[in-house]
Amino acid sequence: PGELLRRAWEEYGLQAFSNADEFFADAADVAQGEERWQALMGRALVVHYQMPGRDPEAAIPLYEALLGEVGDAGEWRGQVLARLGDCHAELVPPQIDRARSLYREALAVLPGQSLMVRETALRLLTTYLQRSDRAEIARGLVVADEFAAQMEGTPFASVFHGLRAEMAFFSDDYPMLAEALDQQYRAGISNIKVKETVL
């Protein structure tokens, strides 16, 4: 199973999704425990993200089946719940409230030191920018306060402050916008175009 998974992820990284799915399927047939979960996650990710043909709606039952297998294994359960949240946020029309609920469930079970906590928090915050509703975006700024301390000094800090800046802009909170842009810059921006825009 280990070799099949290695080859599957290699093909996935090359965006050879059909090949990756075959290797994931073969691994799922012979693997047990976390190796099986990894193979099932890979198959769900292929359906969810393959281009062309990505299909978050078709990925939902795959993630839900995997959720039944991982049980209470915190990091696995949190990761699957977060991917389910992504699916619901990406549906047309998006199911924002369901996505937020799933992200919150994921945050409740992920180990505190996991990088997925911060990634999931960022995904939760992006949902407040999906609707053209000033009140909703302003609520997102309040929700962002929950995560400010745990973002500082991490690779996620710049993106976090960038989201805060965007929310402040659409909420007409220009003092907050200036503060968030300053913090985004201080956290470090590797993309030259983004840095230029922030400055």
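Residues numbered from 1 in each chain as written. Predicted model: local features only at pLDDT ≥ 70, side-chain atom pairs only at ≥ 80, totals over all residues. Heavy atoms only, no water.

Here we come to the nonpolar core. By size, the foremost hydrophobic cluster in this structure holds 30 residues, and its most contacted members are Y12, F24, M41 and Y63. Elements with a contribution of two residues or more to this core: α1 (2–13), α2 (17–30), α3 (33–49), α4 (56–70), α5 (74–90) and α6 (96–109). Residues in contact with M41, not counting those within four places in the same chain, are Y63, L66, W76, Q79, V80 and R83. (Core = buried A, V, L, I, M, F, W, Y, C linked by side-chain atoms within 4.5 Å. Buried < 20%, exposed > 50% of the residue type's maximum accessible area, 1.4 Å probe, protein only. Helix = DSSP H or I, 4+ residues; strand = E, 2+ residues; numbered from the N terminus. Contact = heavy atoms within 4.5 Å.)

Further remarks concern the packing of aromatic side chains. By the definition in use, this model includes five aromatic pairs. On the basis of an interplanar angle of 75 degrees and a centroid distance of 5.6 Å, the ring pair of W9 and Y12 is categorised as edge-to-face. Remark: Y12 and W9 occur in helix α1; sequence separation between them is three residues, near one turn of the helix. Between W37 and W76, the ring centres sit 5.7 Å apart and the planes meet at 75 degrees, which makes this aromatic pair edge-to-face. With W37 in helix α3 and W76 in helix α5, this residue pair connects regions lying 39 residues apart in the sequence. Each member of the pair, W37 as well as W76, carries the same accessibility label: buried. The ring centre of Y128 lies 3.7 Å from the NZ or CZ of R100, which sits over that ring. (Phe/Tyr/Trp six-rings, centres within 6.5 Å; stacked < 30°, edge-to-face > 60°. Lys NZ or Arg CZ within 6 Å of the ring centre and 35° of its normal.)

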